[in-house]
Amino acid sequence: MKNLQYLGEIADNLGKEYFNSVCNSRQFPEDLWNSLGRQKLFGLLVSKGNGGDGIELSDFVELVLEFSKQFGTFGYLFIAQNLSAKMFSDFGNEKLRAFLPDLISGRTRINLALTELESGSDAFSIKTKASREGDNFIISGKKHYVTNARNADLLMLVARTSFHQEKQSSGLTTFVTTKEQYEPSDFINLEKMGLDFLPIYSLQVNAVNVPRDMILGEVDEAWKMLSNTFVLDRILLAAMFIGMGEMALGIAVQYAKERKVFGKAISSHQGIQFPIAESYSFLQAAKSHVRSVSKIWDDGLIKSNRDAPWTAYYTSIKAAYDAIDCSLQTFGAYGYVSSTVEKLFRDIRYYRIGPISEQIALSNIAEKTLGMRE
Ligand SMILES: Cc1cc2nc3c(=O)[nH]c(=O)nc-3n(C[C@H](O)[C@H](O)[C@H](O)COP(=O)(O)OP(=O)(O)OC[C@H]3O[C@@H](n4cnc5c(N)ncnc54)[C@H](O)[C@@H]3O)c2cc1C
């Protein structure tokens, strides 16, 4: 598979320490981004007719598994840009599809601004409002926790366009805004625990004027498009978690064989071996599940297996969190000071909260599949 080969070459060029050193510098991984863009690896899910590769989800999952084993949480960038390009391809009008070549090559960077300070898990309660003025919409409100907002060329800004829909999920619209539409003072950088390579911001949206033809998807029906994309996101992030877990276990095994305590390698103790072997087993089980869920998607069977992306997300985050914790324990103090495993640990902790929390994943399974609703 040519894309796997490209990824292998990029990984060889950037070396095994790349993730750790970029995070230490608290910079965006520009070299990696540019290498992916040069190989058009941001258009994997975009149809061939729109200039992409049009690969199946299960093939993309294999790429994410490999990618994240070497580049850890940078997998998020790989996934998010690919999914954004897919949305432009599937739901964009002619004007928006004209952005595709630059999205696919990575020259244009894009992020999603959905969450607000008082509206996270309950996305339907957002207050940012878009009012119609002729052919344009004027948007005002405040977004919170927007990844890389200040450095993005485009933002997909979700706002409420209608307050009186029967269904709560209706009435939201996705607007594509450009960085020129904001002032530097609109962004406030938020200090955080992990993901050192990627800043997050709060964003003041001050009467931003957006023409109707910069709407992605349909007016009032953003949720149909976003929920579809979020399903893919859950499956792909699950693959990333597994890659991160395997990365952490790989370096733990190596360290355990080298580290001598009381005169022998710590790898000779079952107290070190068994937790690693156990974590490995759970990661393998989660990996098989993610692979089968991606196949379910490719076979067009996701509607009759609605809990599959949730179970994939939940089992993978659990397996990866435990694997990274186990790796940290194996490293002892060396894992707690600035190191690859310490970064993976801080990063994976976020994914138990967002983009969807463990509780929301479980409540979907409990209520929608198991019927445990009041
Ligand atoms: C590093 C980072 C990057 C982010 N990037 C982006 C981005 O690029 N764009 C964007 O739009 N957003 C972004 N977010 C926001 C993220 O998607 C939200 O944090 C997430 O959706 C959770 O929302 P919340 O933090 O408001 O938690 P809340 O919704 O306030 O929930 C608080 C707690 O209550 C629990 N809870 C809520 N409802 C229930 C329930 N029914 N049953 C049981 N438990 C419940 C939750 O699971 C959670 O543990 C980012 C956040 C972070 C920290």
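Coordinates for the structure precede this section.
None of the values given here were measured: they were computed from a predicted structure.

Secondary structure assignment for the chain yields 13 helices and ten strands. Compactness check: the chain gives a C-alpha radius of gyration of 21 Å against a globular reference of 21 Å for 374 residues, within 12% of the reference. With respect to the three principal axes, the spread of C-alpha positions in the chain is 80 × 50 × 40 Å. Taking all 374 residues of the chain together, 53% fall into the buried category.

All right, on to the pairing of strand 3 (residues 136–147) then. The pairing of strand 2 (residues 129–133) with strand 3 spans five bridges and is antiparallel. By the bridge assignment for strand 3, Lys-129 is matched with Ser-140. With antiparallel pairing between neighbouring strands as the criterion, strand 2 and strand 3 make up a hairpin whose turn holds two residues, including Gly-134 at a positive phi of roughly 65°. Summarising the sheet, strand 3 and strand 7 (residues 200–211) pair through nine bridges and their orientation is antiparallel. Paired with Ile-139 across the strands is Val-208, a residue of strand 7.

What follows concerns unusual backbone geometry. With an omega of 0°, the peptide bond running from Gly-354 to Pro-355 counts as cis. The backbone phi angle of Asp-220 is positive, close to 75°, even though this residue is not glycine. For Asp-220, the position within the fold is in the loop between strand 8 (215–216) and helix 8 (222–258). Despite not being glycine, Phe-262 shows a phi value in the positive range, around 50°. Mapped onto the elements, Phe-262 comes out in the loop between strand 9 (260–261) and strand 10 (264–265). By relative accessible area, Phe-262 is classed as exposed at 82%.

Another aspect to go through is the site of the ligand. Neighbouring the ligand are 17 residues; Thr-115, Ser-121, Tyr-145, Thr-147 and Ser-357 lie closest to it. One of the backbone nitrogen or oxygen atoms of Leu-112 is found 2.8 Å away from a nitrogen atom of the ligand. At 2.7 Å from a nitrogen atom of the ligand is found a side-chain nitrogen or oxygen belonging to Thr-147. Considered on its own, the ligand offers 980 Å² of accessible surface; in the complex 65% of this is hidden by protein. Listed by contribution, the elements that provide at least two residues to the shell around the ligand are strand 1 (110–113), strand 3 and helix 13 (358–369).

Position of Arg-234 among the secondary structure elements: in helix 8. Although Arg-234 is buried, it forms no salt bridge, and the closest oppositely charged side chain is Asp-233 at an N-O distance of 4.2 Å. Setting aside its immediate chain neighbours within four residues, Arg-234 contacts Pro-309, Trp-310, Tyr-313, Pro-355 and Ile-356.

What helix 3 (residues 30–38) keeps buried is the set Leu-32, Trp-33, Ser-35, Leu-36 and Gly-37. Next to the buried residues of helix 3 lie helix 1 (2–14), helix 2 (18–25), helix 4 (57–71), helix 5 (75–91) and helix 7 (100–104). Trailing helix 3 by a residue or two, Lys-40 shows a phi angle of about 55°, which is positive.

Quick look at the side chain of Asp-347 now. Checked against the element boundaries, Asp-347 lands in helix 12 (residues 340–350). In this structure Asp-347 is buried but unpaired, with Arg-346 as the nearest side chain of opposite charge at 5.3 Å. Contacts of Asp-347, omitting those with residues within four sequence positions, involve Phe-19, Thr-73, Gly-194, Leu-195, Asp-196, Phe-197 and Met-244.

So, about the nonpolar core. In terms of nonpolar packing, the biggest core is built from 79 residues, with Phe-74 and Phe-78 touching the most fellow members. Beyond its immediate sequence surroundings of up to four residues, Phe-74 is in contact with Tyr-18, Phe-19, Val-22, Cys-23, Pro-29, Leu-32, Phe-67 and Phe-197. Counting 44 residues, the second largest nonpolar core, distinct from the first, contains Leu-154, Tyr-201, Val-210 and Trp-223.

Scanning all chains against the criterion turns up 19 salt bridges. The salt bridge partner of Arg-107 is Asp-102, with a shortest N-O separation of 2.7 Å. Exposure remark for Arg-107: the relative accessible area of 58% places this residue in the exposed category. The shortest N-O distance in the salt bridge between Arg-346 and Asp-196 comes to 2.9 Å. Taken together, the positions of Arg-346 in helix 12 and Asp-196 in the loop between strand 6 (187–190) and strand 7 put the pair 150 residues apart, joining distant regions of the chain. The buried category is assigned to Asp-196, whose relative accessible area is 10%. Where salt bridges share partners, they join Arg-26, Asp-196, Glu-342, Lys-343 and Arg-346 into one cluster.

Calculation notes
Residues numbered from 1 in each chain as written. Predicted model: local features only at pLDDT ≥ 70, side-chain atom pairs only at ≥ 80, totals over all residues. Heavy atoms only, no water. Helix = DSSP H or I, 4+ residues; strand = E, 2+ residues; numbered from the N terminus. Rg over C-alpha atoms; globule rule 2.2 N^0.38 Å. Buried < 20%, exposed > 50% of the residue type's maximum accessible area, 1.4 Å probe, protein only. Pairing = 2+ DSSP bridges. Near = heavy atom within 4 Å. Polar contact = N/O pair within 3.5 Å; in protein donor to acceptor, adjacent residues only side chain to side chain. Areas by Shrake-Rupley, 256 points an atom, 1.4 Å probe, with all protein chains shown as cover. Lys, Arg positive; Asp, Glu negative; His and termini not counted. Salt bridge = Lys/Arg side-chain N within 4 Å of Asp/Glu carboxyl O. Contact = heavy atoms within 4.5 Å. Core = buried A, V, L, I, M, F, W, Y, C linked by side-chain atoms within 4.5 Å.

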